[in-house]
Amino acid sequence: MDRSALPDLVCPAGSLPALKAAVDNGADAVYLGYKNDTNARNFAGLNFDAKTMAEGVRYAHGKGCEVLMAINTFPQPGRVADWRAAVDGAVDLGVDAIILADVGLLDYARNRHPQQRLHLSVQGSATSYEAINFAHREFGVLRAVLPRVLTLAQVEHVIKNTPVEIEVFGFGSLCVMNEGRCWLSSYATGESPNTVGACSPAKYVKWDKKPGQMDTRLNGILIDRFADDEPAGYPTLCKGRFEVQGETYYALEEPTSLNVLEILPEIIKIGVKAIKVEGRQRSPAYVTQVTRTLRAALDAFANESERYHVKPTWQAELAKVSEGNQATLGAYNRPWR
Amino acid sequence: MNQGFTIPKFQLPGFIARIGEKLPQWPHAVALTTALNAAAKLGVLPADSLAALDGKTFVVQVYDTGGQAAFTYRGGLFRPLFSPAGAPDLAFRANLSAFLQVAARQEDPDTLFFNRELSIEGDTELGLIVKNMLDAVDLSQFRLSLPRLPLNLPFSQR
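These figures come from a predicted structure and were not determined experimentally.

### Focus on the overall build of chain A
Phase 1 of the analysis: Looking only at helices and strands, chain A features eleven helices and 15 strands.
Phase 2 of the analysis: On C-alpha atoms alone, chain A measures out to a radius of gyration of 20 Å, which is about the 20 Å that the 2.2 N^0.38 rule sets for 337 residues.
Phase 3 of the analysis: For chain A, the C-alpha atoms occupy an extent of roughly 55 × 55 × 40 Å along the three principal directions.
Phase 4 of the analysis: The buried share among the 337 residues of chain A stands at 51%.
Phase 5 of the analysis: By sequence separation, contacts in chain A at least 24 residues apart represent 64% of the contacts at least 6 residues apart.

Below, the structure written as structure tokens:
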């Protein structure tokens, strides 16, 4: 198979070293954001200021790697100018595409910068081809990132009915995946990805270590308790263990990672244009490990096609960096819709 | 990065920690703060992140060497704390191998945290600032060659 027919490998960059790690290990594109609440990974100390952003774009473009700018939170009352300034800044930097979620901002970008390539963020929560075609017709969106709620057959159905390129998640931590519509973090803390750019912001998180156990509290609410040898997860409500009718268990979802290596041939066959790796909050070490593994898998498919098989070393590398005990195919292989 | 060699996961024998705990702890703090001040002086630590550390107290504890370093950041300098009072604002605790793996950018701190090999206690947001500040240091600009480590350690790896 011609390598140019492979889906793009889109990798996360929360810092300049992470960006370089992605570029150097075979990413076709990196996605990143500013050091503020215009993107959904607005964590303390993470992301790019003007200087590192310019250097990052230069580095990636110098090595033929695309740069996608995530401006995927929703402008807050009275502060629309901040989000518009972020869009203008991204255009000035010469990024290859801007990833947007808010329709008002999509409209602004379309009218103000008609030549700029626009992608619809997963936070835009478009799961049907009608929604995606609307974004295409109204705002000229050329690619949509699908929320992690569709089966592979549903993804294929979307692809068959839209001229818009489709990007899907290929690896990373899973949550309840109601992307762009989840208010669990706001329920506990008053802040959510849509409003402040972070789920379960760190200032509300307390890891309380006692002999033999560790409690996780989110804004004072006990959301999990781990024994010393139990793996921990991110401190989000959806991954907490709660007492329900006398039983304590993962009432919403167990910490889990998505890993699509097993169904990579099907993903390519149905015409997915890009595969995204979650994890801008992770370190350069993670970006290195995941990028090089998915690159190896994609290249193996290009070379071997029908003989493609998942190598144990790939799975071992990905299992190591995964959140939770298990990796799943998520919604992709659900028997129900 | 860590091309050429890999730091294995290991745990030093128990007697090392038992001895280490009895030794004075201040040299660790002096060494660590000297290194951090050198990094700050090179301008590789982002100013906005450093500002967030002002007045905070930190402990880095290495379980299996029995060593720990207590320090603070005040007035633009990391300073050792020789007699720390009360709980620090932030504590990182792990075995030596985990710290080495993070320092060499071989493992992601989140990975080690999920696996319970790295403990973070105290002000979680401060922890995130420190983690992200260290992640953002662009080692490639120094052409760093990592020191050869004595990896054929005379004890079993886990």
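There's plenty left to go through after this.
### As for the overall build of chain B
Phase 1 of the analysis: Scanning chain B for helices and strands turns up six helices and five strands.
Phase 2 of the analysis: In chain B, the order of α-helices and β-strands from amino to carboxyl end is α-α-α-β-β-β-β-α-α-β-α.
Phase 3 of the analysis: A burial count over chain B gives 37% of its 158 residues as buried.
Phase 4 of the analysis: Restricting to contacts in chain B with at least 6 residues of sequence separation, those with at least 24 account for 75%.

### Considerations on the sheet that holds strand β10 (residues 221-227) of chain A
To summarise the sheet geometry, strands pair through backbone hydrogen bonds and adopt either a parallel or an antiparallel arrangement.
All names here are of chain A.
Phase 1 of the analysis: Taken in spatial order, the three strands of this open sheet run β8-β9-β10, and their pairing is antiparallel. In this open sheet, the two strands that pair with only one neighbour each are β8 (205-210) and β10. When the angles between neighbouring strand axes are averaged without regard to direction, this sheet yields 20 degrees.
Phase 2 of the analysis: Bridging between β8 and strand β9 (residues 213-218) involves six bridges; their strand directions are antiparallel. Residue Lys206 lies in a different strand from β9, and its bridge partner there is Arg217.

### What to know about the domain arrangement of chain A
Residue and element names in this part refer to chain A.
Phase 1 of the analysis: Its domain assignment divides chain A into domain 1 (3-175 + 256-333) and domain 2 (184-249).
Phase 2 of the analysis: Its C-alpha centre places domain 1 at a distance of 27 Å from the equivalent point of domain 2.
Phase 3 of the analysis: For the side of domain 1 that touches domain 2, the per-class residue count stands at five nonpolar, eight polar and three charged.

### Some thoughts on the interface of chain B and chain A
Phase 1 of the analysis: In this assembly, 27 residues from chain B lie in contact with 29 residues from chain A.
Phase 2 of the analysis: Only α5 (109-114), β5 (118-122) and α6 (124-135) of chain B provide two or more residues apiece to the side of chain B that touches chain A.
Phase 3 of the analysis: With seven residues, α6(B) is the single largest residue contributor to the side of chain B that touches chain A.
Phase 4 of the analysis: Of the residues assigned to the side of chain B that touches chain A, the class counts are ten nonpolar, eight polar and nine charged.

### Regarding the nonpolar core
All names here are of chain A.
Phase 1 of the analysis: Of all hydrophobic cores here, the largest spans 134 residues; its most connected members are Val30, Ile71 and Ile98.
Phase 2 of the analysis: Looking at this core, the element that brings in the most residues is helix α10 (residues 284-304), giving eight residues.
Phase 3 of the analysis: In this structure, this core is formed jointly by two domains, domain 1 (3-175 + 256-333) and domain 2 (184-249), each of which donates at least three residues.

### A few points about the sheet that holds strand β2 (residues 67-74) of chain B
All names here are of chain B.
Phase 1 of the analysis: Taking strand neighbours across the sheet as the criterion, the five strands line up as β3-β2-β1-β4-β5 in an open arrangement whose pairing is mixed. If you trace the sheet from one side to the other, it starts and ends with β3 (77-80) and β5, each paired once. Mean inter-strand twist for the sheet, computed between neighbouring axes without regard to direction, equals 20 degrees.
Phase 2 of the analysis: Relative to strand β4 (residues 90-94), strand β1 (residues 57-62) runs parallel, the two sharing five bridges.

What counts, and where the lines are drawn
- Residues numbered from 1 in each chain as written.
- Chains lettered and ligands numbered in written order.
- Predicted model: local features only at pLDDT ≥ 70, side-chain atom pairs only at ≥ 80, totals over all residues.
- Helix = DSSP H or I, 4+ residues; strand = E, 2+ residues; numbered from the N terminus.
- Rg over C-alpha atoms; globule rule 2.2 N^0.38 Å.
- Buried ≥ 20, exposed ≤ 12 C-beta atoms within 10 Å, placed from the backbone.
- Contact = placed C-beta atoms within 7 Å.
- Pairing = 2+ DSSP bridges.
- Axes fitted to C-alpha atoms, helices over the stretch in contact; angles between N-to-C directions.
- Domains from an automatic or database assignment.
- Nonpolar A, V, L, I, M, F, W, Y, C, P; charged D, E, K, R; others polar.
- Core = buried A, V, L, I, M, F, W, Y, C linked by C-beta atoms within 7 Å.

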